[in-house]
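Close look at the chain arrangement
Residue strings, one per chain:
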Amino acid sequence: MKHFKLSEFDSPDLPGSGELMDDTFLQMFDKARDIAGVPFIVTSGYRTPQHNQLVGGVDSSAHTKGYAADISCRDSKSRYNIVNSLQVAGFTRIGIASTFIHCDNDPEKPQEVIWVY
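The following paragraphs examine the structure supplied in this document. Throughout this description, residue numbers start from 1 for each chain and increase along the sequence as written. Side-chain atom pairs in this predicted model are given and counted only at pLDDT of 80 or more, local residue features only at pLDDT of at least 70, and totals for whole chains, interfaces and linings cover all residues. As a convention, hydrogens and water are excluded, and side-chain values are obtained from all of the structure's heavy atoms.

The next point concerns the sheet that holds strand 4 (residues 100-104). Strand pairing is assigned whenever DSSP identifies at least 2 bridges connecting the two strands. By the criteria applied, helices consist of DSSP H or I runs no shorter than four residues and strands consist of E runs no shorter than two, each listed in order from the N terminus. Spatially, the 5 strands line up as an open sheet ordered 1-2-4-3-5, and their pairing is mixed. Looking at the sheet topology across the chains shown, the edges are occupied by strand 1 (42-44) and strand 5 (113-116). Looking at each pair of strands side by side, their axes are set apart by 25° on average, direction ignored. Where strand 3 (residues 93-96) meets strand 4, 4 bridges bridge the pair, whose relative direction is antiparallel. Bridge pairing in strand 4 links Ile96 to Ile101. Interaxial angles span 0 to 180 degrees and are taken between N-to-C directions of axes, which are lines fitted to C-alpha atoms, for helices over the stretch in contact.

Listed below in structure tokens is the structure:
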């Protein structure tokens, strides 16, 4: 990857778990970062089932399968830029919150969806 270290995707309770991220996801994510032209601060990548439960994630979370990441975002212009770059890179599953943007490419979930938290 050009812009990230696998450790940026580690579950806080399992060092080295960033290696469990899906390769296709990482390629798309790196491409989105290239398109955006601004740093992506990953606030959540891979999650162990225990950590996922601790943070209130759903049982079928794409994070627990290495298909998802959350990016810190606190202003409208950055939010637009990040969401746009994710879409151009091929992501069709995007969640928008006031402080982060979620993206995933979980093949077992509905595609072409954007939701808000």
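As a further point, take the environment of Ala62. Within the secondary structure layout, Ala62 lies in the loop between helix 2 (49-54) and strand 2 (68-72). Relative accessibility decides the category of a residue: with a 1.4 Å probe and only protein chains considered, values under 20% of the type maximum give buried, values over 50% give exposed, and everything between is partly exposed. The buried category is assigned to Ala62, whose relative accessible area is 3%. As for Ala62 and Arg47, which are separated by 15 residues in sequence, their C-alpha atoms are 8.9 Å apart. Contact definition: two residues touch when any of their heavy atoms are within 4.5 Å. When neighbours within four sequence positions are excluded, Ala62 is seen to be in contact with Tyr67, Ala68, Asp104, Asp106 and Lys109.

Our focus in this paragraph is the nonpolar core. Soluble globular proteins tend to bury their nonpolar side chains together. Within this scheme, the nonpolar core is defined by two criteria: the residues are buried Ala, Val, Leu, Ile, Met, Phe, Trp, Tyr or Cys, and they are joined through side-chain atoms within 4.5 Å. With 24 residues, the main nonpolar core has Phe9, Phe25, Phe29, Phe40 and Leu86 as its most contacted residues. Those elements that provide at least two residues to this core are helix 1 (23-36), strand 2, helix 3 (76-89), strand 3 and strand 4. Broken down by element, this core gets its largest block of residues, 6 residues, from helix 1. Each residue touching Phe40, except ones within four places of it in the same chain, is listed here: Phe4, Phe29, Ala32, Arg33, Ile71, Ile82, Ser85 and Leu86.

Taken as a whole, the largest pocket spans an internal volume of roughly 230 Å³. Around the largest pocket, the lining is made up of 16 residues, and of these Val58, Ser61, His63, His102 and Tyr117 lie nearest the centre. The element contributing the most residues to the lining of the largest pocket is strand 4, with 3 residues. Basically, the charged four are Asp, Glu, Lys and Arg, the nonpolar ten are Ala, Val, Leu, Ile, Met, Phe, Trp, Tyr, Cys and Pro, and anything else, Gly included, counts as polar. Across the lining of the largest pocket, the residue classes tally to 5 nonpolar, 6 polar and 5 charged. Cavity means a closed set of points on a 1 Å grid over the protein atoms alone, one where a 1.4 Å probe fits but cannot get out, pocket means an open set with protein on both sides within 12 Å along at least 5 of 7 lines, and lining means a residue has an atom within 4 Å of a point. Grid points are joined across faces, edges and corners, and a volume is the space filled by probe spheres set on the points.

On to unusual backbone geometry, then. In this model, Glu112 sits at a positive phi of 55°, which is unusual for a non-glycine residue. Within the secondary structure, Glu112 is located in the loop between strand 4 and strand 5.

This paragraph deals with the environment of Thr92. Structurally, Thr92 is set in the loop between helix 3 and strand 3. Note on Thr92: relative accessible area 28%, which makes it partly exposed. Along the chain, Thr92 and Ala36 lie 56 residues apart, while their C-alpha atoms are 16 Å from each other. As used in this structure description, the phrase polar contact means that two N or O atoms lie within 3.5 Å; if the pair is within protein, one of them must be able to donate a hydrogen and the other to accept it, and residues adjacent in sequence are counted only when both atoms belong to side chains. Of the polar contacts made by the side chain of Thr92, one reaches the side chain of Gln111; its length is 2.8 Å.

Another aspect to go through is the packing of aromatic side chains. Note on ring pairs: Phe, Tyr and Trp rings are taken, using the six-membered ring of Trp, and paired if centres are within 6.5 Å. Classes follow the plane angle, with under 30 degrees stacked, over 60 edge-to-face and the rest tilted. By the definition in use, this model includes 9 aromatic pairs. Consider the rings of Phe4 and Phe29, whose centres lie 5.0 Å apart with planes at 40°: the pair is tilted. Of this pair, Phe4 sits in the segment before helix 1 while Phe29 is found in helix 1, placing the two residues 25 residues apart along the sequence. Across the pair, Phe29 and Phe4 agree in class, each one buried. Here the aromatic rings of Phe29 and Phe40 are separated by 5.5 Å at their centres, their planes lie at 70°, and the arrangement is edge-to-face.

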